[in-house]
Each structure stands twice: as C-alpha cells, then as structure tokens.
Amino acid sequence: MKVVVDRVKCTGLGICESLAPDVFEVGDDGDLVLLADLVSGSGIEAVEQAVAGCPTEALRLTE
Ligand code: SF4
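Anyway, here's the lowdown on the structure attached to this text. On a predicted model such as this, the values are computed, not experimentally measured, just so you know.

## Digging into the overall build of the chain
Reasoning step 1: Along the chain, the regular secondary structure elements total two helices and four strands.
Reasoning step 2: Secondary structure elements of the chain occur, N-terminal to C-terminal, as β-α-β-β-α-β.
Reasoning step 3: Relative to the compact-globule value of 11 Å for 63 residues, the chain shows a C-alpha radius of gyration of 10 Å, a close match.
Reasoning step 4: Projected onto its principal axes, the C-alpha positions of the chain cover 30 × 20 × 15 Å.
Reasoning step 5: When burial is assessed residue by residue, the chain has 24% of its 63 residues classed as buried.
Reasoning step 6: Taking as baseline every contact in the chain between residues at least 6 positions apart, the subset at least 24 positions apart corresponds to 59%.
Reasoning step 7: Surface summary for the chain: the accessible area is close to 4,000 Å², and the carbon and sulfur share equals 50%.
Reasoning step 8: A gap of 10 Å separates the mean positions of the 4 positive and 12 negative side-chain charges of the chain.

## Observations regarding the site of the ligand
Reasoning step 1: Contacts to the ligand come from Cys10, Thr11, Gly12, Leu13, Gly14, Ile15, Cys16, Leu32, Cys54, Pro55, Thr56 and Leu59.
Reasoning step 2: The residue makeup of the shell around the ligand, split by class, is eight nonpolar, four polar and no charged.

## Here's the deal with a nonpolar patch on the surface
Reasoning step 1: Taken together, Leu13, Ile15 and Leu19 make up a surface patch of nonpolar side chains, about 250 Å² in accessible area.
Reasoning step 2: With respect to the element layout, Leu19 can be found in helix 1 (residues 15-19).
Reasoning step 3: Classification of Leu19 as partly exposed rests on a relative accessible area of 32%.

Cut-off values and rules
Residues numbered from 1 in each chain as written. Predicted model: local features only at pLDDT ≥ 70, side-chain atom pairs only at ≥ 80, totals over all residues. Heavy atoms only, no water. Helix = DSSP H or I, 4+ residues; strand = E, 2+ residues; numbered from the N terminus. Rg over C-alpha atoms; globule rule 2.2 N^0.38 Å. Buried < 20%, exposed > 50% of the residue type's maximum accessible area, 1.4 Å probe, protein only. Contact = heavy atoms within 4.5 Å. Areas by Shrake-Rupley, 256 points an atom, 1.4 Å probe, with all protein chains shown as cover. Lys, Arg positive; Asp, Glu negative; His and termini not counted. Charge placed at Lys NZ, Arg CZ, Asp CG, Glu CD. Near = heavy atom within 4 Å. Nonpolar A, V, L, I, M, F, W, Y, C, P; charged D, E, K, R; others polar. Patch = residues over 30% accessible without salt bridge, like charges linked within 9 Å, V, L, I, M, F, W, Y side chains within 5 Å. Salt bridge = Lys/Arg side-chain N within 4 Å of Asp/Glu carboxyl O.

Quick look at the structure:
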C-alpha cells in the first residue's frame, strides 16, 4: 500500500514518527520525510496506527 501525505495539513508534530519510525521522520526543519512510501506485510499495522493517530488527518493509505 502507498502512504500519501497532505503537506498542507501536516504540522510536523511527529506522532507518526513515534508510531512508525521506519516510515516517517520529521527533519530538523519540521518537514516530514517519508523514508518509504510503499508499505507491506508487518509494516502496515504501524502505518495504519500512524494514519489513525495523526491529529491533523494528514495521512492516507491507498492501494
Ligand atoms: S502525525 Fe500528522 S501532522 Fe504530525 S508529522 Fe505526522 S503526518 Fe504530520
């Protein structure tokens, strides 16, 4: 599945990074970096938690 970030909504709080550090990283400048935009297998659960946990609803998973 593919991770999609709405850069307008993302405020760089980093909750996604704490839930799925293999996929999300907030840089020193506060910009979210996607370490991987395609996730599969055991990684999906953590990314689903990050999508649900993002306070600004900036994350989506698509097929
Ligand atoms: S949790 Fe949401 S708002 Fe915060 S850095 Fe991640 S995508 Fe951006």
